[in-house]
Amino acid sequence: MKMRQLAAGVLCICLLVCAFSTATGKKALVEASFTGDFADGLADVHLHIAKSGNQYRAVYEHFRLCMMDDLKGTVKKGVLTLKGLDPAGKPITLTVSRKGNKRILNFKKTTWQHFTQGKKVLLKKVCRSE
């Protein structure tokens, strides 16, 4: 009887370790899915996202329109929220969410005349030669 109890205890510990490893791996995978270079289908919009500690930093470029190079944010509930200043120096908030292998960039809060609040841009991860 003691052998069965011992085996059950070892099995329980193994399941807990496995569950913890899987959960930790998923979290790392979710966080990694926000880093990298992303572009729209025409390559007019480019978003570069890097992670430093618990904070993400991003550079947004729109061909021949603008560049915002000091966007900072965090991930909550699977959505990356980036805040910074638009080209006119006013506060801007962007969100990045995932849909399969694509990312959806959403202009949540903006007053700049060339951005539309609520506009969504579909982005795909791209490889970039250094």
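Please refer to the structure placed before this passage.
Residues numbered from 1 in each chain as written. Predicted model: local features only at pLDDT ≥ 70, side-chain atom pairs only at ≥ 80, totals over all residues. Heavy atoms only, no water.

Let's talk about the nonpolar core
In step 1: Residues Leu47, Tyr60 and Leu105 are the most contacted members of the largest nonpolar core, which totals 22 residues.
In step 2: Elements represented by at least two residues in this core include exactly β2 (45-52), β3 (55-62), β4 (66-76), β5 (79-85), β6 (91-99), β7 (102-109) and β8 (120-125). (Core = buried A, V, L, I, M, F, W, Y, C linked by side-chain atoms within 4.5 Å. Buried < 20%, exposed > 50% of the residue type's maximum accessible area, 1.4 Å probe, protein only. Helix = DSSP H or I, 4+ residues; strand = E, 2+ residues; numbered from the N terminus.)

Observations regarding the pairing of β8
In step 1: Where strand β1 (residues 36-39) meets β8, two bridges bridge the pair, whose relative direction is antiparallel. Residue pairing in the sheet places Phe38 in a bridge with Lys125 of β8.
In step 2: Examined bridge by bridge, β7 and β8 share five bridges and lie antiparallel to one another. By the bridge assignment, Leu105 is partnered in β8 with Val121. (Pairing = 2+ DSSP bridges.)

Quick word on the pairing of β3
In step 1: With eight bridges connecting them, β2 and β3 associate as antiparallel partners. Considered in β3, the bridge of His46 is made with Glu61.
In step 2: Remark: two residues form the turn of the hairpin made by β2 and β3, two consecutive strands paired antiparallel; Gly53 in that turn has positive phi of roughly 70°.
In step 3: Here six bridges tie β3 to β4, and the two strands are oriented antiparallel to one another. Following the sheet pairing, Arg57 is matched in β4 by Lys72.
In step 4: Hairpin connection between β3 and β4: a loop of three residues separates the two successive antiparallel strands, and Arg64 in this loop has a positive phi of roughly 60°.

Remarks on the environment of His114
In step 1: Here His114 lies in the loop between β7 and β8.
In step 2: Classification of His114 by relative accessible area gives partly exposed; the value is 43%.
In step 3: Between the C-alpha atom of His114 and that of Leu65, which follows or precedes it by 49 residues, the distance is 8.3 Å.
In step 4: For His114, the side chain forms a polar contact with the side chain of Gln113, separated by 3.2 Å. (Polar contact = N/O pair within 3.5 Å; in protein donor to acceptor, adjacent residues only side chain to side chain.)

Let's talk about the side chain of Thr95
In step 1: As for its placement among the helices and strands, Thr95 is situated in strand β6.
In step 2: Other than its neighbours up to four places away in sequence, Thr95 contacts Val79, Leu80, Thr81, Ile104, Leu105, Asn106 and Lys108. (Contact = heavy atoms within 4.5 Å.)

Some details on unusual backbone geometry
In step 1: In this structure, Arg64 is a non-glycine residue whose phi angle is positive, near 60°.
In step 2: Here Arg64 lies in the loop between β3 and β4.
In step 3: Given the relative accessible area of 78%, Arg64 is considered exposed.
In step 4: Phi is positive for Lys77, close to 55°, though the residue is something other than glycine.
In step 5: Tracing the backbone through its elements, the reader meets Lys77 in the loop between β4 and β5.

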